[in-house]
Amino acid sequence: MKNSLDNTKFELKLIHRDYNKDIEEDIIKKALVVENSVCLCAATMLKLSGKYEKEYIIVTELDCLYDKKIIINENILIICLTYELAVVDLNTDLVKKQMDINACSLFGVYKFKNGYFIHGEIENIYLNEDFDIVWTESCGNIFFNCKIDNDLEIFDNYITSYDWDGYKHYYNEQGEYKTQYFPELDCDSIEESNA
């Protein structure tokens, strides 16, 4: 699995969706990570195998977990929740850090250079190895493009991310260094042509 940086593998299984107070209290008692939200929306069983043989329940507010929202790096498990990032020590099963990320919904977390790139809906963020924010970059709309299959690409020395308006943003460890506009990738032009 590309988001596991050692020989640990993981699988995800949705175990609960939608709000039910009785089920919520039972699941939250058993959960390793619970997003700071007003209600439970999704609970996912995260099963590790290989170097670590463990199972964790992860509770998120809005969306379910998927492979791009998880990285395993040595003895650290990094999880993008809906609005938060959780860092778990796999040796102690303790949450080392859980932090709000003001990027609206979080699409994924990726190892990049000496830190981690977080692809968010309204902000892209780069964290150092201690999970401190190095930089944040926003765009005029959202970092999602409905006209292409892969609106985020990671290369050795840079990352590209497309936004709704058709801009391609280039990032390195210091932040955004270049932007290009592709009018054919402007997602609003779909609505205009169908009107």
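Everything below is about the structure shown above.
Overview of the pairing of strand 16 (residues 175–181)
Phase 1 of the analysis: As paired strands, strand 15 (residues 167–172) and strand 16 are joined by six bridges and run antiparallel to one another. When the sheet's bridge partners are listed, Y170 is paired in strand 16 with K178.
Phase 2 of the analysis: Taking the residues between adjacent antiparallel strands as the criterion, strand 15 and strand 16 are bridged by two residues.

Let's talk about the packing of aromatic side chains
Phase 1 of the analysis: The final tally for this structure, using the stated rule, is 12 aromatic pairs.
Phase 2 of the analysis: Centroid distance Y116 to F131: 5.2 Å. Interplanar angle 15°. Geometry classified as stacked. Of this pair, Y116 sits in strand 10 (residues 115–120) while F131 sits in the loop between strand 11 (123–128) and strand 12 (133–138), and the two are 15 residues apart along the sequence.
Phase 3 of the analysis: F131 sits in the buried class, given a relative accessible area of 7%.
Phase 4 of the analysis: Taking 6.2 Å as the distance between ring centres and 25° as the angle between the ring planes, the aromatic pair formed by F144 and W164 counts as stacked.

Overview of the pattern of salt bridges
Phase 1 of the analysis: With the rule as written, the count across this model stands at three salt bridges.
Phase 2 of the analysis: Residue K97 is joined to D132 by a salt bridge in which the shortest nitrogen-to-oxygen separation is 3.4 Å. Here D132 lies in the loop between strand 11 and strand 12 and K97 lies in strand 8 (residues 94–100), a separation of 35 residues in the sequence.
Phase 3 of the analysis: On the basis of relative accessibility, which here comes to 26%, the residue K97 falls in the partly exposed class.
Phase 4 of the analysis: Taking relative accessible area as the criterion, D132 reaches 37% and is therefore assigned partly exposed.
Phase 5 of the analysis: Between E129 and K111 there is a salt bridge whose closest N-O contact spans 3.9 Å. You can see E129 sitting in the loop between strand 11 and strand 12 and its partner K111 sitting in strand 9 (residues 106–112), a full 18 residues away along the chain.

Description of the environment of T179
Phase 1 of the analysis: Looking at where T179 falls in the secondary structure, it is placed in strand 16.
Phase 2 of the analysis: By relative accessible area, T179 is classed as partly exposed at 41%.
Phase 3 of the analysis: For T179 and T160, which are 19 residues apart along the polypeptide, the C-alpha to C-alpha distance reads 9.3 Å.
Phase 4 of the analysis: Residues in contact with T179, not counting those within four places in the same chain, are Y167, K168, H169 and Y170.
Phase 5 of the analysis: Only 3.0 Å separates the side chain of T179 from the side chain of E176, close enough to count as a polar contact.

Observations regarding the sheet that holds strand 10
The strands making up a sheet are joined through hydrogen bonds of the backbone, oriented either antiparallel or parallel.
Phase 1 of the analysis: Ordered by their spatial adjacency, four strands build an open sheet running 9-10-11-12, and the pairing between neighbours is antiparallel. The outermost strands of the open sheet, each flanked by one partner alone, are strand 9 and strand 12. The average undirected angle you get between the axes of adjacent strands in this sheet is 15°.
Phase 2 of the analysis: As paired elements, strand 11 and strand 12 share five bridges and run antiparallel to each other. Within strand 12, the position partnered with Y126 by the bridge is W135.

The rules behind each value
- Numbering of residues begins from 1 in every chain and follows the order in which that chain's sequence is written.
- Per-residue local features are limited, in this predicted model, to residues with pLDDT of at least 70; the limit for side-chain atom pairs, both in listing and counting, is 80 or more; totals at the level of whole chains, interfaces and linings are taken over all residues.
- Values reported for side chains reflect all heavy atoms of the structure, with hydrogen atoms and water molecules removed beforehand.
- The pairing criterion is simple: DSSP has to find at least two bridges between the two strands.
- What counts as a helix is a DSSP run of H or I of at least four residues, what counts as a strand is a run of E of at least two, and both are numbered from the N terminus.
- Paired rings are identified among Phe, Tyr and Trp, the last through its six-membered ring, by centres lying within 6.5 Å, and are further divided according to the angle between planes into stacked (under 30 degrees), edge-to-face (over 60) and tilted (the rest).
- The cut-offs for exposure are 20% and 50% of the maximum accessible area for each residue type, with area from a 1.4 Å probe on protein chains only; residues under the lower value are buried, those over the upper are exposed, and the others partly exposed.
- Counted as salt bridges are all cases of a side-chain nitrogen of Lys or Arg within 4 Å of a carboxyl oxygen of Asp or Glu.
- Contacts between residues were defined by any pair of non-hydrogen atoms, one from each residue, lying within 4.5 Å.
- Two N or O atoms form a polar contact when they lie within 3.5 Å of each other; inside protein one atom must be a possible hydrogen donor and the other a possible acceptor, and for residues adjacent in sequence the pair counts only when both atoms belong to side chains.
- Angles shown run from 0 to 180 degrees and are taken between the N-to-C directions of axes, each axis being a line fitted to C-alpha atoms and, for helices, limited to the stretch in contact.

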